[in-house]
Amino acid sequence: MPAALRPDQAEEKEAELAMEDRDALLDMDFMGEQPSTDCYGSLQNGGFIPHRYLAATHEDEYEEPLYIQCDKNDSLPPHPHGNYFRDGRTKIDFVLVWEVRSQRKRRSRAKGCGKSVGDTEAGAEEGGRSERHKAQLDQWRDKFIRNLQNARLFLEKEETVIEKKTIHYLKLSAPRDVLVYYAEELCLRAPLQAQPNPDHNTSDQMIKKLCLPNIMAEYVPNKPVNYYTCAFRKSKMDKFLGSENHGTYFTNTQRQRIVYEILSRTAYGKRKWAEVGVARLLNEGALTAAFPLHEGPFDRPEHEFLPEELNQRQVLFHYWAHWSKWYKYQPLDHIREYFGEKIAIYFAWLGFYTAWLLPAAVVGTLVFLSGIISMGTNTPAEEICSSGGHYLMCALCDTCHTWNLSDTCLMAKMGYLFDHPGTVFFSVFMSFWAVTFLEYWKRKNATLAYHWDCRDFHEEEERPRAEFAAMAPAMENNPVTGVKEPYFPKRARLSRMLTGSMVIVVMLSVVMIFLVTVIMYRIIVSGMINHKETAVLRTQAGNIANISSSMVNLALILLMGQVYTAMAEQLTKWEMHRTQTDYEDAFTFKVFIFQFVNFYSSPFYVAFFKGRFVGYPGHYGTLFGMRNEDCGPGGCLIELAQQLFIIMVGKQVISNIQEFLIPKIKAWRQRQQLSGTRGTQVPRERHRWEKDYTLIECEGLFDEYLEMVLQFGFITIFVAAFPLAPLFALLNNWVEIRLDAHKFVCEYRRPVAERAQNIGVWFNILEALSHLAVIINAFLIAFTSDFLPRLLYKYKFDNNLMGYVNFTLAYSPLNNSSSNHISSDNLFNATICRYKAFRDNNGSYTFFYWELLAIRLGFIIAFEHVVFFILRAIDWMVPDVPESLELQVKRERYLAKQALADNQEALLQATRLLAP
């Protein structure tokens, strides 16, 4: 083993060998050193990591080189099955990938012919900058690899040659001593005692008590063992279960988490410039990918097998991601073991939410069916249908003709489906459902957090984000760690956040402009159809305009959502948030606020503003010279239901198509780019790291949470107008779970296992939506529905609603000299027509209107107070942590205290001596 160099000698030696080392790594024709093909660091196709790279270097310090031993006498296969190094024993914990164009390609491009002198000089200058940038990336990557070796990781390098470039794969493995050190530093949980691992499905327990068969339950092989655990300590290693099994003591996800922690801490340049971590190295372009490997293929083996012989990925595919398992319970413990707690918590929440949608969908469907059954008892609709030409209605536009109310018989009957006493009950039910769902999710979340050993997990002091470190203008001491790190002045960040708020306001104003555009489109289309001679078209003018405008609105919503999400991402980066958590919270807030207004502004307009500012004959309200639109003969609730159906269901269908097609298209493009091989290369089966590199990068959970939270808003805020919303949400979520599961198992590279104890800021958003839903539903019943006007009419006049239609129709004012823009066809001074309003012959509001307004306001106050009081009672009666879980926590703490007590035996002995 060579002697260590002094720092000054090392610097000179490194300068002399820098280009040689780089050529040895990148030049495919380099034939200087040919190590044995069965040693670490060697490459099957000629490239290798020079021994100089295996020297432990850290900034300006040199230590003794650390070599990895290999037994050349062992007859090992060149590439054993499984995620192992070539020795067949060392596990691959992580893979780093970078691509390099071959030197011959670069030389051929540099020989450009037939160019002018100016073009040649400009090209040479640009090429020089490009070469300097590539050299800088090469230097960073080389130093990063040396520092990984200094961190005592095992390294092994592979190459794949394709037509235009060479792909380098650096396999990483953490030895046991490194795993032990970081396990204690990261406070990983270690097993103390095995305990039963029952299924945490409440429905399964209820079905078992009823002695009924449960078609949703299924045996899933290789179920993870459950343990009582405590924080790992190296000094108490012998106290933990399985500590004698050196190769299998740490799970694969724990090993990946530890190696990623090392990758995040390793420097590739100057620490004072925050040139640290694999994330920033990926952003700079020195690496193209960094990922842990999947445990093998996901499809079934061709030969006969036992279920217990399947690998973890195959188990997840065949017992979870497969479409035939749509009605089965999710194997959450298997998901957590393979992907980590953060992804498992998402699927646990999505499954829990979907299960709770089932009773909401059943009740909503029953309410809708009750409306169909009771349509024949709707006295106002029957009066409209039998009225004939008795009610001559005022024209719907300045150039339109009068029309008969009986022409709208069908729409009057259809409106009763969405506006009957059952919808009032359903809105109250969904208010209780939303809060009860969140309360029971707290209990479920507490159980899972304890079961998955992340109940006491809290993020430690987070490192600065890679983009923040690269763009921060100054360095300051961290008040917690005392280490110098990138710093951005708070005053400058606040000014940028204020500017970002102004951008949000501008974008929200753009949404309002599009909303006004859709309203004007609806008015124009409705007016055009009203001029048609066909009576059927005239009666359906409002429906045609409403449905077509909803489709246009959906297209604008999706377009604006894509534009704003990209803008919000750049804006959040520009605000310079220090940590990833701060960045994600700011980004989530921006996108949700915009998407909330983007998706819900049109339903809000239909529910609370449409038909409120119409005026009366001769005194109509106008928008840009056009008369304000009124609700159709079926009422505003049926129009609101149409909009909700098109926007909510249309968005779900389009999102599912995108989630199904886009990953496949991206994966196909990725495979196409990596499929071409040199003609001299013998075709062979690709290795696991090559197959995983052809998969697409995991995009995280933000879009998945956002889609579900917006859906939660649709089924709670506007449920009074659309009782079938929970049913469509349930059907969508059954598809969503399998789509997401298939993406993670089959189409994504394996993400780094992250810890989490809850769904984060999304729970706060869900709570806010559940409380907002109570208020909105109260206003929806009071002001948009006909429930209260009918109730008051029953109380004051007729219990069977006889004469209700005539009571709700006012007469146009007589001798109205102030009317303008009246066509000769209408002539209000000569013809008396009817319109829907509680006004007298002079256009003034009647006493019944003010009486009804007082009842509406009183209903809102009573509704909110009663519902919120019951919700608080539910919150008080349902504890956040189950009693059985508290007993398990106490038992675990007792075992941890017994296992980790240093002086336990001494205390027992002293107790015996002091005893009388």
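Residues numbered from 1 in each chain as written. Predicted model: local features only at pLDDT ≥ 70, side-chain atom pairs only at ≥ 80, totals over all residues. Heavy atoms only, no water.

A. Representation of the overall build of the protein chain in the model. Scanning the protein chain from terminus to terminus reveals 28 helices and 18 strands. Buried residues in the protein chain amount to 50% of all 916 residues. For the protein chain, the share of sequence-separated contacts (at least 6 apart) that also reach a separation of at least 24 residues comes to 78%. Carbon and sulfur atoms make up 59% of the accessible area of the protein chain, which totals about 45200 Å². (Helix = DSSP H or I, 4+ residues; strand = E, 2+ residues; numbered from the N terminus. Buried < 20%, exposed > 50% of the residue type's maximum accessible area, 1.4 Å probe, protein only. Contact = heavy atoms within 4.5 Å. Areas by Shrake-Rupley, 256 points an atom, 1.4 Å probe, with all protein chains shown as cover.)

B. Spotlight on the pattern of salt bridges. What the rule picks out here adds up to 29 salt bridges. Arg 86 is paired through a salt bridge with Glu 158; the nearest N and O atoms lie 2.8 Å apart. Remark: Glu 158 occurs in strand 4 (residues 154-161) and Arg 86 occurs in the loop between strand 2 (61-62) and strand 3 (94-101); sequence separation between them is 72 residues. With respect to class, Arg 86 is no different from Glu 158; both count as buried. We note a salt bridge from Arg 280 to Glu 284, for which the minimum N-O separation is 3.5 Å. One end of the pair, Arg 280, and the other, Glu 284, are both in helix 7 (residues 278-284), four residues apart, so they sit about a helical turn from each other. Accessibility expressed as a relative area gives 26% for Glu 284, which makes it partly exposed. (Salt bridge = Lys/Arg side-chain N within 4 Å of Asp/Glu carboxyl O.)

C. Region of interest: the packing of aromatic side chains. Under the defined criterion, the tally for this structure stands at 61 aromatic pairs. Geometrically, the ring pair formed by Phe 232 and Tyr 249 is tilted, given 6.3 Å between the ring centres and 50° between the ring planes. Highlighted residues: Phe 232 in the loop between strand 7 (226-231) and helix 6 (252-265) and Tyr 249 in the loop between strand 7 and helix 6, separated in sequence by 17 residues. For Tyr 249, a relative accessible area of 10% corresponds to the buried category. Over the aromatic face of Phe 85 sits the side chain of Lys 171, whose NZ or CZ is 5.7 Å from the ring centroid. (Phe/Tyr/Trp six-rings, centres within 6.5 Å; stacked < 30°, edge-to-face > 60°. Lys NZ or Arg CZ within 6 Å of the ring centre and 35° of its normal.)

D. Looking closely at helix 26 (residues 847-877). Taking 1.5 Å as the rise per residue, helix 26 with 31 residues should run 45 Å; its terminal C-alpha atoms sit 45 Å apart, in good agreement. Considered for burial, the residues of helix 26 that qualify are Phe 848, Leu 852, Arg 856, Phe 859, Ile 860, Phe 863, Glu 864, Val 867, Leu 871 and Ile 874. (Expected span 1.5 Å × (residues − 1).)

E. Quick look at the packing of helix 18 (residues 580-608) against helix 21 (residues 702-717). Contact geometry of helix 18 with helix 21 gives a least axis separation of 11 Å together with a crossing angle of 40°. Taken together, helix 18 and helix 21 sit at an angle that is classed as oblique. As helix 18 runs across helix 21, the sense of the crossing is right-handed. Every residue of helix 21 that contacts helix 18 at Phe 587, Thr 588, Val 591, Phe 592, Gln 595, Phe 596, Phe 599 and Tyr 600 is listed here: Phe 702, Leu 706, Val 709, Leu 710, Gly 713, Phe 714 and Ile 717. Split by residue class, the contact of helix 18 with helix 21 holds twelve nonpolar, three polar and no charged. (Axes fitted to C-alpha atoms, helices over the stretch in contact; angles between N-to-C directions. Parallel < 35°, antiparallel > 145°, perpendicular 65-115°, else oblique. Left-handed = near helix turned anticlockwise from the far one by under 90°. Nonpolar A, V, L, I, M, F, W, Y, C, P; charged D, E, K, R; others polar.)

F. Quick peek at the packing of helix 9 (residues 332-339) against helix 10 (residues 341-373). At a minimum axis distance of 7 Å, the contact between helix 9 and helix 10 shows a crossing angle of 150°. Classified by the angle between their axes, helix 9 and helix 10 sit roughly antiparallel to one another. Crossing of helix 9 against helix 10: the hand is right-handed. Note on element contacts: helix 10 touches helix 9 through Glu 341, Ile 343, Ala 344, Phe 347 and Ala 348, opposite Leu 332, Ile 335, Arg 336 and Phe 339.

G. The arrangement of a nonpolar patch on the surface in detail. Where nonpolar side chains cluster on the molecular surface, the patch consists of Leu 358, Val 362, Leu 366, Leu 369 and Ile 372 and spans about 420 Å² of accessible area. Along the polypeptide, Leu 369 turns up in helix 10. (Patch = residues over 30% accessible without salt bridge, like charges linked within 9 Å, V, L, I, M, F, W, Y side chains within 5 Å.)

H. Structural view of the sheet that holds strand 8 (residues 289-291). Across the sheet, which stays open at both edges, the four strands sit in the order 4-5-3-8 with antiparallel pairing between neighbours. The open sheet is flanked by strand 4 and strand 8, the only strands paired with a single partner. In this sheet, adjacent strand axes meet at a mean angle of 20° when their direction is disregarded. As defined by bridge partners, strand 4 adjoins strand 5 (residues 165-173) across eight bridges and the pair is classed as antiparallel. (Pairing = 2+ DSSP bridges.)

I. Quick look at unusual backbone geometry. With phi around 60°, Cys 211 is a residue other than glycine that occupies positive phi space. Positive phi outside glycine occurs at Asp 453, with the angle close to 60°. Examined against the element boundaries, Asp 453 turns out to sit in the loop between helix 13 (421-451) and helix 14 (466-471). Classification of Asp 453 by relative accessible area gives buried; the value is 16%.

J. Examining the side chain of Asp 93 more closely. Checked against the element boundaries, Asp 93 lands in the loop between strand 2 and strand 3. A distance of 2.9 Å separates a polar side-chain atom of Asp 93 from the backbone nitrogen of Ala 174. Here the side chain of Asp 93 touches Arg 255 through a polar contact of 2.7 Å, side chain to side chain. Discounting chain neighbours no more than four positions away, the residues touching Asp 93 are Leu 172, Ser 173, Ala 174, Arg 255, Gln 256, Val 259 and Pro 292. (Polar contact = N/O pair within 3.5 Å; in protein donor to acceptor, adjacent residues only side chain to side chain.)

K. Molecular detail of the state of the cysteines. Taken as a whole, this structure holds two disulfides when the rule is applied. The disulfide partner of Cys 385 is Cys 409, and the S-S distance across this bridge is 1.8 Å. For the disulfide bridge between Cys 385 and Cys 409, the dihedral angle about the S-S bond is near 90°, and by the sign convention the bridge is right-handed. Highlighted residues: Cys 385 in helix 11 (residues 379-385) and Cys 409 in helix 12 (residues 409-415), separated in sequence by 24 residues. You can call Cys 385 partly exposed: its relative accessible area is 25%. Residue Cys 394 pairs covalently with Cys 833 via a disulfide, S to S 1.9 Å. (Disulfide = S-S within 2.5 Å.)

L. Expanded view of helix 21. With 16 residues, helix 21 extends 22 Å from end C-alpha to end C-alpha; this agrees with the ideal 22 Å at 1.5 Å per step. Taking burial as the measure, the 16 residues of helix 21 include 15 buried ones, the bulk of the element.

M. Local environment of the side chain of Thr 229. For Thr 229, the location among the structural elements is in strand 7. Side-chain polar atoms of Thr 229 contact the side chain of Asp 453, separated by 2.8 Å. Apart from the residues lying within four places of it in its own chain, the contact partners of Thr 229 are Arg 189, Ala 190, Pro 191, Leu 192, Asp 453 and Glu 892.

N. Summary view of the pairing of strand 3. Burial of strand 3 is extensive: six of the eight residues sit out of reach of the surface. The pairing of strand 3 with strand 5 spans eight bridges and is classified as antiparallel. For Trp 98, the partnering residue across the bridge sits in strand 5 and is His 168. With three bridges joining them, strand 3 and strand 8 adopt antiparallel strand pairing. Looking at strand 8, one finds that Val 95 is bridged to Phe 291.

O. How the structure looks around the environment of Gln 540. Take Gln 540: it is sitting in the loop between helix 16 (535-539) and helix 17 (541-574). Gln 540 sits 92 residues away from Gly 632 along the chain, and the two C-alpha atoms are 9.4 Å apart.

P. Focus on the environment of Val 889. With respect to the helices and strands, Val 889 occurs in helix 27 (residues 883-900). Linking Val 889 and Arg 455, residues 434 residues apart in sequence, is a C-alpha distance of 9.8 Å. Here Val 889 is in contact with Tyr 450 and Arg 455, once residues within four sequence places are set aside.

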